Structures are given as structure tokens and as C-alpha cells.
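Residue-level structure breakdown
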Amino acid sequence: MRILDLTLFELINSIENGDIIWEDVIDAYFERIKKYDEEVRAYITINEKIKNERHNNGILKGIPIAIKDNICTKGLRTTCGSKILENYIPPYDATVIKKLKEAGAVIIGKTNMDEFAMGSSTENSAFFISRNPWDKTRVPGGSSGGSAIAVIMKEAVAALGSDTGGSIRCPASFCGIVGLKPTYGLVSRFGLIAFANSLEQIGPMTRDVRDCAFLLNIIAGYDEMDGTSINRPNEDYLKYLNKDIKGMRIGIPKEFFGEGTDENVIKEIWKSIHILENLGVKYEETSLPMVKYALPAYYLIAMSEASSNLARYDGIRYGVRIDEEGMDWSTAFSYNRKLFGKEVKRRIILGAFALSAGFYEEYYVKALKIRTLIRKDFERAFKEFDVLITPTMPITAFKIGEKIHDPLAMYMIDIDTIPVNLAGLPAISIPCGFSNGLPVGLQIIAPPLMEGKIFSIAKKLEEELNLRMWEKL
Ligand code: GLN
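Residues numbered from 1 in each chain as written. Predicted model: local features only at pLDDT ≥ 70, side-chain atom pairs only at ≥ 80, totals over all residues. Heavy atoms only, no water.

Quick notes on the packing of aromatic side chains
Rules: Note on aromatic pairs: the rings of Phe, Tyr and Trp (six-membered ring only in Trp) are paired at centre separations within 6.5 Å, and the planes decide the class, stacked below 30 degrees, edge-to-face beyond 60, tilted for the rest. Two limits define a charge over a ring: the Lys NZ or Arg CZ must be within 6 Å of the ring centre, and within 35 degrees of the ring normal.
In this structure the tally under the stated criterion is 21 aromatic pairs. Members of the aromatic cluster, connected to one another through ring pairs, are Y88, F116, Y313, Y318 and F340. One Lys or Arg, K51, reaches over the ring of F30 and ends 4.6 Å from the middle of that ring. The ring of F398 has K403 sitting right over it, with the charged end atom 5.3 Å from the ring centre.

Here it is in C-alpha cells:
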């Protein structure tokens, strides 16, 4: 049991000291998966091969990491949660996977997700739903739901997810783990199956803040294969963990505590703000008036990008190839397009509409203008504050089936995460307490490339709260 309770950092130390051997780590994790995965269903594919694979002796010591199933893994099926890629075996590794492997990680499995990362509950997976380990009648959040479950259920030490509008932070919040959406351009997107390129980033999903900084050290950095990658020297994020936070200024934007936000969530967030206050941090309430338009702007931009990205699934370039004799292109095309799930179809249609002649200026261009105004709101706030603190999600994990037939209700819950993606900022979700037995996530948002500030504050808060939630499961 003890092996499973160790964080990534603790596990590496134990292996280095010779207290634990690699074979026992691998056995413990596979045993755990065998015992519990059927109940919660974190994985689409479990990579049994690693039991016999030699691992290199890099800093990660052959430790098993789980990967969201929209990140390409060479020779290992990558479905993106979709029937259309059900049998896709990538011929290459995403840059983040290459980096993880070079650092000595092994990929233990590919995790369940909403199809093409479209959703906030993992209910849009084409294969099966996943369950929140704290209450199995509830969703784990999404779209990186499987990754969050794997980490909190101790079916992997840590995981990677992707975040276009909250997909790392939402399940992190609902499951009680740490999830970081890095600054846009900090982590290479090469090998991430595209949903909305201008918004998404790959990021770490871990049990604690130190593991998060540690994994970011490994996956961040310039990559010439990603045209939006930022070219700058690498940083050591671990050095921010012990920084004094006295005198730091925190903004509390009132729009993130508005109508629809659960009272208990608000209470837990304020408890943490007061803990930080006792540590010498100064806080002040503030306002970001333009974020009230974030939701429509996000969904217009994300759907427009999705409709153009998903055009490649035509049965010729990608998708299911039909080799039947006499099958013409249009039959193959429509066969493939029918494989998309309901939510994906909805977005392709709405995105195509928003981009069509006559509506382009009225919808898409307007959404881009709002995006600029939101970015300016944040810029203004960061002249006064080091970071902003908000709830990650306005609510805790909801019941399976509760929102899936009401897309607008599902979209609404992204209200606190989406502005961050529109502005390209870094933001973390860390567990800060429970409400009726369900984890509550606190979000810390920083200016571009200021992940360091996030880690300094998150680490101090985590120490004070001392929750170690995974040990409770
Ligand atoms: N829930 C949001 C959406 O459905 C965000 C998804 C994501 O971040 N990939 O678009």
C-alpha cells in the first residue's frame, strides 16, 4: 500500500535510496488497476508491454505515467475518445512523450476523455463513461477525466492532460488533484490531436504541487515542431517551491464568485484566502468586466477551429479506410462523418456556420475582438496583482446524466476556466477542501510565463491545508 501512497517525487527518492525497487512499483500499479479500474474506468488502453520493457535510468526511474488519449504515443493506440480513431496507432511520439521517455518514464496507459476533448464530464467518450472515485454516481469532470481518476485512484503516479477551456483544471478540481494549464506556447503541442489550436496546452496532472513543478520541468521548452512554441531558456520550476510569499498581492475578481457559484465552494475558497492572508499575503477584491462575454466568445472560437481541424477525418487522410471495391469517395466520406458523436457533430456544424460568408464578421471576428478585450482586462489586473485567485469550477462534481442532455448547462460550468485560455495565461487548480464529501478546487491565475509565482503560492497553501487527498481513497 505504501508504494501507492508516495508522490512522484517521493517515489523517485525511494527508488534512488534503494528502499523500493522498480519491479515492485510496476506490480503495485498493475495490481491496483486490476482491482479498481473496472469501477471507475480511467483507462481506454492499458499498456501491459511495459512490464517487460527495459526502461532507461533517467531521472523518472521508469515510473508509470498515464497519458490522455489525445496525445500521440508511438506504437500505442491513441483514440482521442472517438470511434473515428478507434484503431489509430501513431507512428510517432508527441514531443511531450519523447521528453518523458527520455527522462525515464514509462507510459502505463491511455486515459478516457470526452471525444476530441469536447466536454466537461467525460460522458462524451465514444467508448464508456468514467466515474468519480469520491462518489461513483458522479462525473469525474472533463475532458481529461480519465487522467484525473488515474492520479487520485492511485492507478498512476501522475498524468498528462490537455486544456482547451478547462479540461485539465475541471477534472483536477472534481477529483481532488493538482492540474496546471501552462502559458500558451510553453509546452509543445506537437503530437496533440488538435481540437482548437489557439487555445490548448498540454499540462501535468499530479497529486501535489511539487510533482506538478517537477513534471513541468520535463515537458516544457521550445520545440521547432510547434510553430506557436515560445523560444526561451528553460526554467527550473522547483526553485519556486520554497520562495517566501510574504507581501505578494492577490486579486479576487468578483465575476468568478457570481450567480451559479455554490455557496460551499465560495466558503472553501475564502478559507484559503484567509490562510494566505495569515502568511503575509495581501488580497483585494477586483473586477474583470469583460469576462462576462468569455463563454460565447470561447465557444465560437473553439467550434470554428474544431470545424476546420476535424475536416481531415474524411476516410482518406484520417479516419476509417474502407477498402471495399467500388466504394466511392463520397460514400467513404459520409461513412466516416457518421462515426462522430453528437457533441462533435454539433460543434462542426456550429463552427462551419460561424465561419460561413455573411456570418464570419458577425460571429467569429466579434469573438476575436472580445478575446482581445479579455486579455486587456487581465493585463490591467496584473499591473496591480501578482496573481488572481478564484474557484476553479463554480460547483463540485455533478451526477452522471445530470447535464449531458443540456449542452448550454454543460458549457456554463466552464465559466471560471475559459477566460484563462482566451488570454493564454497559466493557471493551476489545487484541492482546497471538501463540500459534502466532494473535493473543491482553487484556481490561481498568473501573467504569461509566471508559473513560478503560481507554484510559490500553491505550495505554501498546500502545506497549510495538508490534505493529501489520494491517501483517503
Ligand atoms: N469543456 C470545454 C469544452 O467542451 C473545454 C474542453 C477542453 O478544455 N478541452 O470545450
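Some words on the site of the ligand
Our working definition: We call a residue near a molecule or strand whenever a single non-hydrogen atom of that residue lies within 4 Å of it. Pairing of N or O atoms within 3.5 Å defines a polar contact, subject to two protein rules: one partner must be a possible hydrogen donor and the other a possible acceptor, and residues neighboring in sequence count only if both atoms are side-chain atoms. Computed by Shrake-Rupley with a 1.4 Å probe, the accessible areas treat only the displayed protein chains as cover when residues are assessed. The classification used treats Ala, Val, Leu, Ile, Met, Phe, Trp, Tyr, Cys and Pro as nonpolar, Asp, Glu, Lys and Arg as charged, and all other residues, Gly among them, as polar.
Around the ligand, 15 residues are found, and the nearest of them are T164, G165, S167, Y298 and D414. Measuring from a nitrogen atom of the ligand, one finds a side-chain N or O atom of S167 at 2.7 Å. In the environment of the ligand, a nitrogen atom lies 2.8 Å from a nitrogen or oxygen atom belonging to the side chain of D414. Across the complex, the protein chains shield 99% of the 290 Å² of accessible surface that the ligand would expose by itself. Its residues assigned to classes, the shell around the ligand comprises five nonpolar, seven polar and three charged.

Thoughts on the UniProt feature "active site" (unreviewed entry) in the protein
We apply this condition: UniProt positions are given in the numbering used here, feature names are shortened, and annotations may be inferred rather than shown by experiment. Every helix listed is a DSSP run of H or I at least four residues long, and every strand listed is a run of E at least two residues long, numbered separately from the N terminus. Burial status follows relative accessibility: with a 1.4 Å probe on protein chains alone, a residue under 20% of its type maximum counts as buried, one over 50% as exposed, and anything between as partly exposed. Whether two residues are in contact is decided by their heavy atoms: any pair within 4.5 Å suffices.
Feature annotation in UniProt places "active site" (unreviewed entry) on K68, S143 and S167, given in this structure's numbering. In terms of the greatest pairwise C-alpha distance, the residues named above, spread along 100 residues, form a tight cluster of at most 10.7 Å across. Positionally, S143 belongs in the loop between β3 (106–111) and α5 (145–152). With relative accessibility at 0%, the residue S143 sits in the buried group. With residues near it in sequence (within four places) discarded, S143 still touches K68, N112, M113, D114, A117, M118, G119, S120, T122 and S167. Here S167 is to be found in the loop between β4 (158–163) and α6 (169–175).

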